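Summary of the model geometry
Chain by chain, the residues:
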Amino acid sequence: HLGILSSKIHVVWVLACGGTLEDRPRYNKDVCFDPFPFPNSPDALKAKIRAAAEELDALRKQCQADHPGLTLTQIYNVREKIRAKEALNEAEVAIKTEGLVLIVNELHDKIDGLVAQAYGWPADLPDEDILARLVALNAERAAEEKRGLVRWLRPDYQRARAGIVDTQAAVESDAQIAAPLVLETGKTQRPLFPTNEVERTAAVFATLALANTPLDASNIARTFRQGARVEAPIARVLAALARLGHVHSADGKSFILRRAA
């Protein structure tokens, strides 16, 4: 779990879903962790992710033990400058050495590759595609829960706390993948089209999931209060979903969700 939560895939999700404190990202458990769809990977791959995460954790702790004034913020600020190919000042060069920043970076790259493999995705996906895939996976997990399948992270602990004694009742519990990004239906007033990119993807995905015929950006825009004003962002979401293979279009304008066989 530490490896997955340390990966680029989770960071992209957090930066899109979480709040901010002044100009800094804020990790909100209810939107960053609870709806985040963890990969369903084989035990051998889980062991590799676990080993890499433990190696990263041990390395950082050792660096801080050897240099008591060194902070994780300093280590990661220098890492970001190195990745951006920015010049380091004298103090940052010292942090790079004391914090073994290049090794920290290599371990993160290793974790990112393993976690992408756990999802079955390419390791070099752009952020937009990562978000679209995570939202789609969130929706799939929500559908699974409605059928009674809950992918617990800590089954014994979570099911006991929820008072669940049989698998069939699992769907009634507060599961890890509660999927709050899936839109509610049946409201008389049209909803507002979200401003958050993840929620926008979820909104379009949910609208397509309820449709029996292909929809274009104009059709979907009419289901939201802003109407034609949100056609352009909806069209961008549709293009991303089509590129990822989640939707099908016969004419390049109208789209329908691909259904599992």
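Just so it is clear, the model here is predicted, and its values are computed rather than measured. (Residues numbered from 1 in each chain as written. Predicted model: local features only at pLDDT ≥ 70, side-chain atom pairs only at ≥ 80, totals over all residues. Heavy atoms only, no water.)

**Describing the overall build of the protein chain**
Scanning the protein chain for helices and strands turns up twelve helices and four strands. Within the span of the protein chain, comprising 261 residues, buried residues form 43% of the whole. Long-range contacts, defined here as pairs at least 24 residues apart, represent 61% of the contacts in the protein chain between residues at least 6 apart. (Helix = DSSP H or I, 4+ residues; strand = E, 2+ residues; numbered from the N terminus. Buried < 20%, exposed > 50% of the residue type's maximum accessible area, 1.4 Å probe, protein only. Contact = heavy atoms within 4.5 Å.)

**Quick notes on the packing of helix α5 (residues 72-83) against helix α6 (residues 90-98)**
At a minimum axis distance of 9 Å, the contact between α5 and α6 shows a crossing angle of 105 degrees. In terms of axis orientation, α5 runs roughly perpendicular to α6. Here Gln74, Ile75, Val78, Lys81 and Ile82 of α5 come into contact with α6, specifically with Glu92, Ile95 and Lys96. Among the residues forming the contact of α5 with α6, the class breakdown is four nonpolar, one polar and three charged. (Axes fitted to C-alpha atoms, helices over the stretch in contact; angles between N-to-C directions. Parallel < 35°, antiparallel > 145°, perpendicular 65-115°, else oblique. Nonpolar A, V, L, I, M, F, W, Y, C, P; charged D, E, K, R; others polar.)

**Some points on the pattern of salt bridges**
Counting across every chain of the model gives twelve salt bridges. Across the pair Arg200 and Glu197 runs a salt bridge whose closest N-O atoms are separated by 3.7 Å. With Arg200 and Glu197 both in helix α10 (residues 197-210) and three residues apart, the pair spans about one turn of that helix. According to the relative accessible area criterion, Glu197 is partly exposed, its value standing at 44%. (Salt bridge = Lys/Arg side-chain N within 4 Å of Asp/Glu carboxyl O.)

**With respect to the nonpolar core**
Core analysis: the biggest nonpolar cluster contains 39 residues, and Ile9, Trp13, Phe36, Tyr119 and Leu134 have the highest contact counts within it. Of all the elements in the fold, those that place two or more residues in this core are α2 (8-17), α4 (43-66), α5, α7 (101-119), α8 (127-146) and α10. Per-element tally for this core: the top contributor is α7, with nine residues. Of all hydrophobic cores here, the second largest spans 23 residues; its members include Ala139, Ala211, Val230 and Leu244. (Core = buried A, V, L, I, M, F, W, Y, C linked by side-chain atoms within 4.5 Å.)

**Structural notes on the confidence of the model for the protein chain**
With 87% of its residues at a pLDDT of 70 or more, the protein chain shows a mean pLDDT of 85. In this model, residues 167-188 is a region of pLDDT below 50 whose contacts with residues beyond four sequence positions or in other chains number 52 contacts. (pLDDT = per-residue confidence, 0-100.)

**Quick notes on the side chain of Gln226**
Considering the arrangement of structural elements, one finds Gln226 in the loop between α11 (217-221) and α12 (231-243). Overall, the relative accessible area of 16% leaves Gln226 in the buried class. Within the structure, the side chain of Gln226 is placed 2.7 Å from the backbone nitrogen of Phe193, a separation counted as a polar contact. Gln226 has contacts with Pro191, Leu192 and Phe193, leaving out every residue within four places of it along the chain. (Polar contact = N/O pair within 3.5 Å; in protein donor to acceptor, adjacent residues only side chain to side chain.)

**Some words on the state of the cysteines**
Tallied over the full model, the rule gives zero disulfides. Cys32 forms no disulfide, and the closest cysteine sulfur to it belongs to Cys17, at a distance of 6.2 Å. Of the residues examined, Cys32 reaches a relative accessible area of 0% and is grouped as buried. (Disulfide = S-S within 2.5 Å.)

**Points about α10**
For α10, spanning 14 residues, the distance from its first C-alpha to its last is 20 Å, which sits close to the expected 20 Å at 1.5 Å a residue. A large share of α10 lies buried, amounting to ten of its 14 residues. Inspection of α10 places Val198, Arg200, Thr201, Ala202, Ala203, Val204, Phe205, Ala206, Thr207 and Leu208 among the buried residues, and these make up the whole buried set. The inward-facing, buried residues of α10 abut α2, α8, α11, α12, β3 (247-248) and β4 (256-257). (Expected span 1.5 Å × (residues − 1).)

**Thoughts on the packing of α10 against α12**
Remark: α10 packs on α12, axes separated minimally by 10 Å, with the N-to-C direction vectors making an angle of 75 degrees. Classified by the angle their axes make, α10 and α12 are roughly perpendicular. Counted together, Arg200, Thr201, Val204, Phe205 and Leu208 of α10 and Pro233, Ile234, Arg236, Val237, Leu238 and Leu241 of α12 form the full contact between these two elements. Of the residues assigned to the contact of α10 with α12, the class counts are eight nonpolar, one polar and two charged.

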